[in-house]
Amino acid sequence: MSQNPEKRFTPQELAAFDGTDGKPTYLAYNGVVYDVSASRLWKAGKHMNRHHAGGDMGLELSQAPHNPDVLERFPRVGLLDAPALKPEPAADRVPPWLAKCMKRFPMLKRHPHPMTVHFPIAFCTAAPLCLLLALVTGNQTFAAALPVLLGLALVFTPVAIVTGLFTWWLNYASARVTPIMIKLAATPVLFLALLWTFIESVKTPDIMAEAGSHIGFVLVVLALMPIVSVIGWFGAALTFPPHDD
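Residues numbered from 1 in each chain as written. Predicted model: local features only at pLDDT ≥ 70, side-chain atom pairs only at ≥ 80, totals over all residues. Heavy atoms only, no water.

The name that an unreviewed UniProt entry assigns to the chain is Cytochrome b5, with the source organism given as Solidesulfovibrio carbinolicus.

What UniProt calls "transmembrane region" (unreviewed entry) maps, in this numbering, to residues 117–136, 142–168, 180–199 and 211–240. In residues 180–199, the share of helix is 100% and the share of strand is 0%. The end C-alpha atoms are 29 Å apart. (UniProt positions renumbered as here; feature names shortened; annotations may be inferred. Helix = DSSP H or I, 4+ residues; strand = E, 2+ residues; numbered from the N terminus.)

Sheet analysis places strand S1 (residues 7–9) next to strand S6 (residues 76–80), joined by three bridges and oriented parallel. What sits directly across from Phe9, in S6, is Leu80. In terms of strand pairing, strand S3 (residues 32–35) meets S6 through three bridges, oriented antiparallel. Among the inter-strand pairings, Val32 is bridged to a residue of S6, identified as Leu79. (Pairing = 2+ DSSP bridges.)

A few words now on the sheet that holds S6. One open sheet holds the four strands; their spatial order is S1-S6-S3-S2, and the pairing between them is mixed. The sheet is open, and its two borders are formed by S1 and strand S2 (26–29), each paired with just one other strand. When strand polarity is set aside, the average angle formed by the axes of neighbouring strands in this sheet is 40 degrees. (Axes fitted to C-alpha atoms, helices over the stretch in contact; angles between N-to-C directions.)

Attention now goes to the packing of helix H5 (residues 118–137) against helix H7 (residues 146–172). With their axes 8 Å apart at the nearest point, H5 and H7 run at an angle of 155 degrees to one another. Taken together, the axes of H5 and H7 are roughly antiparallel relative to one another. Along this stretch, H5 crosses H7, giving a crossing that reads as left-handed. In contact with Phe119, Pro120, Phe123, Cys124, Ala126, Ala127, Cys130 and Leu131 of H5, H7 contributes Leu146, Leu149, Leu150, Leu152, Ala153, Phe156, Thr157 and Ala160. A breakdown of the residues in the contact of H5 with H7 according to their chemical character gives 15 nonpolar, one polar and no charged. (Parallel < 35°, antiparallel > 145°, perpendicular 65-115°, else oblique. Left-handed = near helix turned anticlockwise from the far one by under 90°. Contact = heavy atoms within 4.5 Å. Nonpolar A, V, L, I, M, F, W, Y, C, P; charged D, E, K, R; others polar.)

Looking now at the packing of aromatic side chains. Within the structure shown, the criterion is met by six aromatic pairs. Seen in terms of ring centroids, Phe9 and Phe17 are 5.8 Å apart; in terms of plane orientation they differ by 90 degrees. Their pairing is edge-to-face. Look at Phe17 and you get partly exposed, because its relative accessible area is 24%. The structure contains a cluster of three or more aromatic residues connected by ring pairs, namely Phe9, Phe17 and Tyr26. When the ring centre of Phe9 is taken as reference, the NZ or CZ atom of Lys7 above it lies at 5.1 Å. (Phe/Tyr/Trp six-rings, centres within 6.5 Å; stacked < 30°, edge-to-face > 60°. Buried < 20%, exposed > 50% of the residue type's maximum accessible area, 1.4 Å probe, protein only. Lys NZ or Arg CZ within 6 Å of the ring centre and 35° of its normal.)

For soluble globular proteins, nonpolar side chains are generally found buried alongside one another. The biggest cluster of nonpolar side chains holds 26 residues, and the ones touching the most others in it are Leu190, Leu194, Met208, Phe217 and Leu224. Elements with a contribution of two residues or more to this core: H5, H7, helix H8 (178–203) and helix H9 (215–239). The element that contributes the greatest number of residues to this core is H9, accounting for seven residues. Once you skip the residues sitting within four places of it in the chain, Met208 turns out to touch Leu131, Ala134, Leu135, Gln140, Ala143, Leu146 and Phe217. (Core = buried A, V, L, I, M, F, W, Y, C linked by side-chain atoms within 4.5 Å.)

This part takes up the pairing of S2. Looking along a regular strand, one sees the side chains alternate between the two faces of the sheet. Side chains Tyr26 and Ala28 of S2 all project onto a buried face; the interleaved residues Leu27 and Tyr29 project onto the opposite face, where all are buried too. Relative to S3, S2 runs antiparallel, the two being bridged by four bridges. Bridged to Leu27 within S3 is Tyr34. Counting the residues between successive antiparallel strands, the hairpin from S2 to S3 contains two residues, one of them, Asn30, with a positive phi of roughly 55 degrees.

It is worth spelling out the side chain of Thr163 at this point. Relative to the helices and strands, Thr163 resides in helix H7. Of note is the side chain of Thr163, whose polar atom sits 2.9 Å from the side chain of Thr116. Those residues in contact with Thr163, other than ones at most four positions away along the chain, are Pro112, His113 and Thr116. (Polar contact = N/O pair within 3.5 Å; in protein donor to acceptor, adjacent residues only side chain to side chain.)

This brings us to unusual backbone geometry. Even without glycine at this site, Asp21 takes up a positive phi of about 55 degrees. You can see Asp21 is positioned in the loop between helix H1 (11–15) and S2. We classify Asp21 as exposed; its relative accessible area is 77%. Positioned with a positive phi, Asn30 is a non-glycine residue whose angle comes to about 55 degrees. The topology assignment puts Asn30 in the loop between S2 and S3.

And the structure:
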């Protein structure tokens, strides 16, 4: 007689408990199947509009900002009758010192890029707005803010690029998916636009006093907002797919 009374699930059986149409919401981690139906964060079998129930969550949980121990709050309903996925898919690629650092500070797995990317977004939005206010009001105080805003955006954009590349390598295995490829193409354009406009704004302090003769500068600064919006949109699409229903 078996000493393990827990039900054993095949991957196909587990897939049937995906939380849709009123079905229970099950997921597996390290070979153990948990019932997370009671969690509001797994409503309709989806978590953060990105992760889906009914499968082995080994890869996803190893990259999550929270500890997998949160699953211990939920009923254990069985075992997954299949080899568990490796909990650390990037282990072979991560140097020991970095792995140790990420273990001590789990936020390094996902948070550095979302934290740093907000700075260039804010400055690349504020600079065009100040330019428009300078054009509409004729107030040179707004024009005087342009070198500062463009300079700050120029400083923080490389930081966001580095953290973004790190996140892409660590959490996405450098996969060449469409949103990331668009971001990779648009980001150098943004950086070059910032570099040129910053140099121009410093070289010609009263550049907005003769905006008509510096139309290229005006157009490039105004273009910063749509460029950074495209980059931000596709970045958000990686976490919250807009077509995922």
